[in-house]
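# Examination of the molecular architecture
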Number of protein chains: 2
Amino acid sequence: MMELAPQNQPEQFTVVTPVAPIAVARHGSRAKCLQRLLRLGLNVPTTLALPFETVRRITEGQMPDKAAILAQFSAGALVSVRPSVEGADWGGPGAVLNIGLNDARHAELCTSYGVEAANTLYLRHIQAYAVHIARLDPELFEDSEVSDASVARALEMYAAEAEEPFPQDPVRQLGDALRAMARAWDATTARLLRQAKGAPPDAGLGLVVQEMALGFGPGESGSGVVRFISSITGAPGVQGRYQRQSLFRDALDGSGDAIFLGEDPRGVSLESEAPQAFEALLEASQICRRGLREEMEIEFCLENGALRVLDAVRAPRSARAGLRIAVALAEDGVIPREEAVLRVAPHGLSELLHPQVHPDARRDVIASGIAGSPGAATGKLVFSANAAQAAAAQGEACILVRRETSPEDVRGMQVAKGVLTERGGVTSHAAVIARGLGVPCVVGANDLVFSTREKHLSAPDGRLFKAGDIVTLDGTTGVLLAGVVPMIDAALDASFQTLMGWADEMRDIGVRANADTLAEARVANTFAAEGIGLCRTEHMFFEDPRMTVMREMIFAQSEEGRRSALERLLPMQRGDFIALFSEMGDRPVTIRLFDPPLHEFLPSDRQGMLQLAEGLDLPLSDVTNRIENMREFNPMLGLRGVRLGVTVPEIYDMQARAIFEATVAVSKTGKPVVPEIMIPLVSARREVELVKTRIDGVAAAVRNETGAAFDYALGVMVETPRAALRAGDIAGQSSFLSFGTNDLTQMAYGLSRDDAGRFMSSYVEKGVYPEDPFHTLDEDGVGELLLLGAERGRSVRPDISLSICGEHAGDPAAIAFCRSAGFDYVSCSPYRVPVARLAAAHLALKDPAK
Amino acid sequence: MMELAPQNQPEQFTVVTPVAPIAVARHGSRAKCLQRLLRLGLNVPTTLALPFETVRRITEGQMPDKAAILAQFSAGALVSVRPSVEGADWGGPGAVLNIGLNDARHAELCTSYGVEAANTLYLRHIQAYAVHIARLDPELFEDSEVSDASVARALEMYAAEAEEPFPQDPVRQLGDALRAMARAWDATTARLLRQAKGAPPDAGLGLVVQEMALGFGPGESGSGVVRFISSITGAPGVQGRYQRQSLFRDALDGSGDAIFLGEDPRGVSLESEAPQAFEALLEASQICRRGLREEMEIEFCLENGALRVLDAVRAPRSARAGLRIAVALAEDGVIPREEAVLRVAPHGLSELLHPQVHPDARRDVIASGIAGSPGAATGKLVFSANAAQAAAAQGEACILVRRETSPEDVRGMQVAKGVLTERGGVTSHAAVIARGLGVPCVVGANDLVFSTREKHLSAPDGRLFKAGDIVTLDGTTGVLLAGVVPMIDAALDASFQTLMGWADEMRDIGVRANADTLAEARVANTFAAEGIGLCRTEHMFFEDPRMTVMREMIFAQSEEGRRSALERLLPMQRGDFIALFSEMGDRPVTIRLFDPPLHEFLPSDRQGMLQLAEGLDLPLSDVTNRIENMREFNPMLGLRGVRLGVTVPEIYDMQARAIFEATVAVSKTGKPVVPEIMIPLVSARREVELVKTRIDGVAAAVRNETGAAFDYALGVMVETPRAALRAGDIAGQSSFLSFGTNDLTQMAYGLSRDDAGRFMSSYVEKGVYPEDPFHTLDEDGVGELLLLGAERGRSVRPDISLSICGEHAGDPAAIAFCRSAGFDYVSCSPYRVPVARLAAAHLALKDPAK
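Since we're looking at a predicted model, the values are computed, not measured.

### Description of the relation of the copies chain A and chain B
Superposing chain A onto chain B takes a rotation of 180° combined with a translation of 0.2 Å along the rotation axis, leaving an RMSD of 0.3 Å. Both copies are brought into coincidence by an operation consistent with a two-fold rotation axis.

### Some thoughts on the pairing of strand 8 (residues 296-303) of chain A
All names here are of chain A. Burial within strand 8 is extensive, with seven of its eight residues counted as buried. Sheet topology places strand 6 (residues 222-229) next to strand 8; five bridges connect them, and they run antiparallel. Bridge pairing links Gly224 to Phe300 in strand 8. Here strand 8 runs beside strand 9 (residues 306-314); their pairing, made up of eight bridges, is antiparallel. Each bridged residue has a counterpart across the sheet, and for Ile298 the counterpart in strand 9 is Ala312. What sits between strand 8 and strand 9 in their antiparallel hairpin is a turn of two residues, with Asn304 showing a positive phi close to 50°.

### Re unusual backbone geometry
Residues and elements named next belong to chain A. The residue Asn304 is not glycine, and still its phi comes out positive at about 50°. Positionally, Asn304 belongs in the loop between strand 8 and strand 9. Even without a glycine there, the phi angle at Leu681 is positive, about 60°. Here Leu681 lies in the loop between strand 26 (676-679) and helix 26 (685-706).

### Observations regarding the sheet that holds strand 19 (residues 464-466) of chain B
All names here are of chain B. The strand order 17-18-19 describes an open sheet built from three strands, whose pairing is antiparallel. The open sheet has two edge strands, strand 17 (449-451) and strand 19, and neither has a second partner. In this sheet, adjacent strand axes meet at a mean angle of 15° when their direction is disregarded. The pairing of strand 18 (residues 456-458) with strand 19 spans three bridges and is classified as antiparallel. What sits directly across from Ser458, in strand 19, is Leu464.

### Topic: the interface of chain A and chain B
Listed as interface residues are 52 residues of chain A and, on the opposing side, 52 residues of chain B. Three residues stand out in chain A for area buried against chain B, namely Phe633, Leu637 and Arg722 of chain A, and they jointly supply 13% of the buried area on that side. Counting the contacts that link chain A with chain B gives eight salt bridges. With a closest N to O distance of 3.4 Å, Glu404 of chain B and Arg631 of chain A form a salt bridge. With six residues, the top contributor of residues to the side of chain A that touches chain B is helix 30 (residues 753-765) of chain A.

Conventions and cut-offs
- Residues numbered from 1 in each chain as written.
- Chains lettered and ligands numbered in written order.
- Predicted model: local features only at pLDDT ≥ 70, side-chain atom pairs only at ≥ 80, totals over all residues.
- Heavy atoms only, no water.
- Least-squares fit on C-alpha atoms with pLDDT ≥ 70 in both.
- Buried < 20%, exposed > 50% of the residue type's maximum accessible area, 1.4 Å probe, protein only.
- Helix = DSSP H or I, 4+ residues; strand = E, 2+ residues; numbered from the N terminus.
- Pairing = 2+ DSSP bridges.
- Axes fitted to C-alpha atoms, helices over the stretch in contact; angles between N-to-C directions.
- Contact = heavy atoms within 4.5 Å.
- Buried area = accessible area lost by both parts, 1.4 Å probe.
- Salt bridge = Lys/Arg side-chain N within 4 Å of Asp/Glu carboxyl O.

Below you can see the structure in the form of structure tokens.
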């Protein structure tokens, strides 16, 4: 191909010195980092930076002045070329080493470092050059024996295949390397990969040309890579390898000659062999850490005991390691606390809250689904809630498998270690409940053939997994693995607590938890939620003996019959609230009154109906007719929420009494409890008025009976579009409005989250919706309803408390939205509380003005 | 009781003269009407009006000056007292006659009019006085023989029971009458009744005291009531009765002595007996009609041939009679056309459009439900759509009974004469479809026990009605009647056409019809709809053989399989559109693309599934599994509408092709057709873009294949709250927005209309919702979404066409709302089109500024 004349623009390259004009935006981060290392006084070999512009011109055929580049280095020096790009994880072409190595230099090296080292270097150079630059068949150069003969063979093979002798001119070698790297950056696959990581389409490639430090020769000579923390836990500790008589990253190639760095019971170490060199390395790392304000992974070379630092990159790390590093840097005064908080990504926290599959574990994947709830667990397969309870009773860990879950499965989910469903998406019943419980969950695993009746799963590869087989469910990545898999524990350690404490000092929006049970309230407390923002009382009724009494209530023919059943539920419900109030102390608890349609409590199969008929002493046909009559076309849009409260007011009466009696009981023993009672599914002001009148009446009765004074707040869950539009009306009767964004999203879109799974992924793929609106708050539509509701509510009652309590409440974007709308708090599932606290701190730090 | 001194305020009463200050708001309408009769020069006896204030004081114990009142009349005259209130149908106490009649006057009457007449009068006076004023037991005064002895018996009985002699003093009689009437007006029941008719809580009672004209004596003497139109049809014709030697309304008491007024083949008439008197009556009636600008019912008396007019009220009339009268008055130049249009209440029109149970028919009510669709029909009971079709095939009229209807029942509803369901409200599937078809329908008849399996209905009174039994369904009042009942026909006569023509000239908002079939389009044409605003294409697929092909399409495993089934549907669908376009000529047709979830087309019972498995040659388990898999929790919020269009685009492709091929075919034979294609259930702009791209592609292909040019419009059915909020986005891709207020209401409230029936009536009773929002557009909530959508759509595309096509579109209040929002048209079910046209005219007349 034709090569144009060398470029004559200024700044084709820059020698990297402490004062040279090197910028990440023009030269990439590696060049900048090397400059910083120089500024820190570290012994970095001569380095040149080629800016993006120079490399761009190479792709257009305009070469920089290669001879001028080589002229910057010692005569006869070998040089490496490495990519230097803006983004840390945008990738880039592989390094090209040993440029300048030719027959003549080979002969010199034989003299200075010995024949073996020289042959090794030259052979590897010819091989790499042939494969990566001349693009010859790699198989032809696979010779791993190193000898004079193998070098000669490689040179012959190169000549035969490339139809020219191996290039001897260093200038030619450099030019070929630059051109190959520029082209590799331009390849479509590479571009798509980096764009997927957030790189812009026109992201530039810079190159760093560095004089190679060769770890060969007399004294302590070799090369290695070191970091001073664990990538998995972030704990301090010397990690890395060193290999004598080697260069670059040879120590990591697993050939077995590498040694440990610090003293190690497993074998020889640099520290024991060359304590001074190790001390220098330690010192350099400390300089790096303080100077670059980060834990780095350092590439180094020892030349006769002298340390040279070739490169340094941010040490790779898991989310938990990242948190621990950030806290340590702040505690050591290297960075301010604010920066430590900002360095931890909120969404990464969920990895810390649950056990995870060990990153290095072998994974025998049975099938993939959608990551429904993070964490991992191992257990035996069970195919029903009953089986899960039976297993739990015997102390056996189990993974519950269902096609989809319904409220009847909740008690099974509470005791299972993990939940797997065939259907549903991230906001299906299974996923929502599992996240609330902190149980790992994979949903929508429709690669598997589920036979819950025959109690087995068929994997796509034909394997059959039966009840009792041991599997591991990874809810973080959404896969099911065969057998037992090594795990790492949850990391709710001191670093975590410290960071969350800092975050709490910085944030300016409240974070509460959605918690229905005492167990969930305890988790909420563990995660320092500022209260319970949503306690769904109906989950309290799905367990026997309550379920049976609920059914009696539903089947009662009269108000008296219902009242009599409800009276039996009263002490149980009061007990629930006593436990909750006691657990939460002086933090507020928002109790949502009964919400679901009553038919959810009725059996759906013949067996269950028969049992119910026996229990109620009714003919089976009465029971089946009654159940058939209660069936709804669209239960989501049916007789539930406040509609039940208005048409069957005895239920709310009982709940209000339970709440107030619990309030009196718990207030006796500590600070006064001020319960917050929330009315669900409101669409008109009058609904609130009617419920408020009755609840006020119950409160008066309880005050009268007990002689105790207490206060309470009454508010509305805004989850119909109409309630948002009429928030002004409703606010007149409400001390707080809490937006239930799940239902609000369903109704704004006319889309049931239980049914959306069927097409949501196709919709998001086609860009019909930019995101699943059940996962990411739809700011344009649902968000406008939130803003309208907030504004109208506040216009009538300026001090009204505003919050959201839907699934979105744990999502940083939604928290940002609520914060800028001036909401008082968000309430999310307990395991999302840390995420929300941290995200809120980020928002306050990034946009203090609010 | 203590009687206070007579009032000394001015204007305790006013003598009614042409110039006296009589006002409806102070004296009531009867007093005002009598004054108008005087002004017209009619011979009205001396009349006094007691204003509301005077009567109010009576209830407080302050009597007007009774002697002064009586002093206004001829000495010894008898007087009547009648109520005079503001509202025409607010009721009022019964008239008190013959005040002043006592032993002395009786003796005089014996002389002047004969003993029999005098005895009759006196006896009736004592009886009425005893029962209505002295409140004695009516049974004691039931003597119907008239003689000296019976008069004496009545006087004795009165003295014995009332413990005082029958009052002889006319002043005392008048006082008693005034007090009794004032108290009757004040009674709770009377107040509640008139408030139900719209009277305010403080509605006043005026009284009219009139000198009695006694139709006794020599020459042509007697009394009667006359009107000159038929109350049922409004057709001209003398109606009423006259009775010689009688007074007041004796002619109507059915005693048999009354004669006809005009010549009548059935017997003697006033016209033949006393032509001059009759002529005078005719003349008076014409004076009344022109002077009062209304058809009146006149109460008159002949005294020796001389006509006296005692009272006149607006002639009672059915809705159809009212229309005919208004048109006739306008055609005769008595009132302007605008007034004629305003005099006909839009909601009354539906009575004209369907046969009705004759007002005078005997009604043997089996049970009541909710009036779902107006009109009445007689037929034999059938309990399935198949049975309805079988009956229709044999030419037998039938009433289809279902617990509730589903799309599978539509073909049965199309052939049935009436539909009865156990469940649902005015916007249930049954009611909506029935109104569209113009079939009488009663829904929510849950007084009846439905046994559709055993094919019988149990009435609340225990009667059992079996399949084949003849019943009459009255959808206008919402009752089921036993047996055959006399009917009156629909009244789409010349008067109706004339009035509707006038209304069309006056209105300024368009009216289209929702029509899915050729039959409905013909009805729409009959009612002069300006086009079809909503053609729901899915109803076209519920009939075999289409249903079978639909099911094959649904069960196809691949796009090719679906396409192959759709290719077979294409010619049928094209045929549908050719028929529709041809029927509608140059009026626009808006076709909504396929909307319902596919599972609606699948059988729900085992038998149907078995047939389907056989038809598709698949194992039954495949079919049941597939159907089970397609089941949705909330079908209303599931995979339907544009979501199907995006995920299974072949269906819309086929429909677009059918529409365009029909466009080309019909345009060849007449004016070019410009179809309007409407996309249902949109919630995001991208949905519209995706569908638009494909439809544009199909249009290009059809243009290319046929070589024909054609235009079409693409628009969106706005039925999710999000679509309304994002109407600006969506308008960029849409030539029109049509608001589907049914779904919009469902989603704004989070309330399924199919499930709302369970509690809606209780909700409306308790005032939770002021009205059923599916019946009356919720202007505060849903209305705001309409306004926001309209404003945002127009801001992006100022010429965008705006309309509503939900059930509300036929409701005058909703039409007013749309008109003031500047909508282009409303589209309602065909049988609501006349109502909408008339309502629109009313709006334009009442608020011309718009």
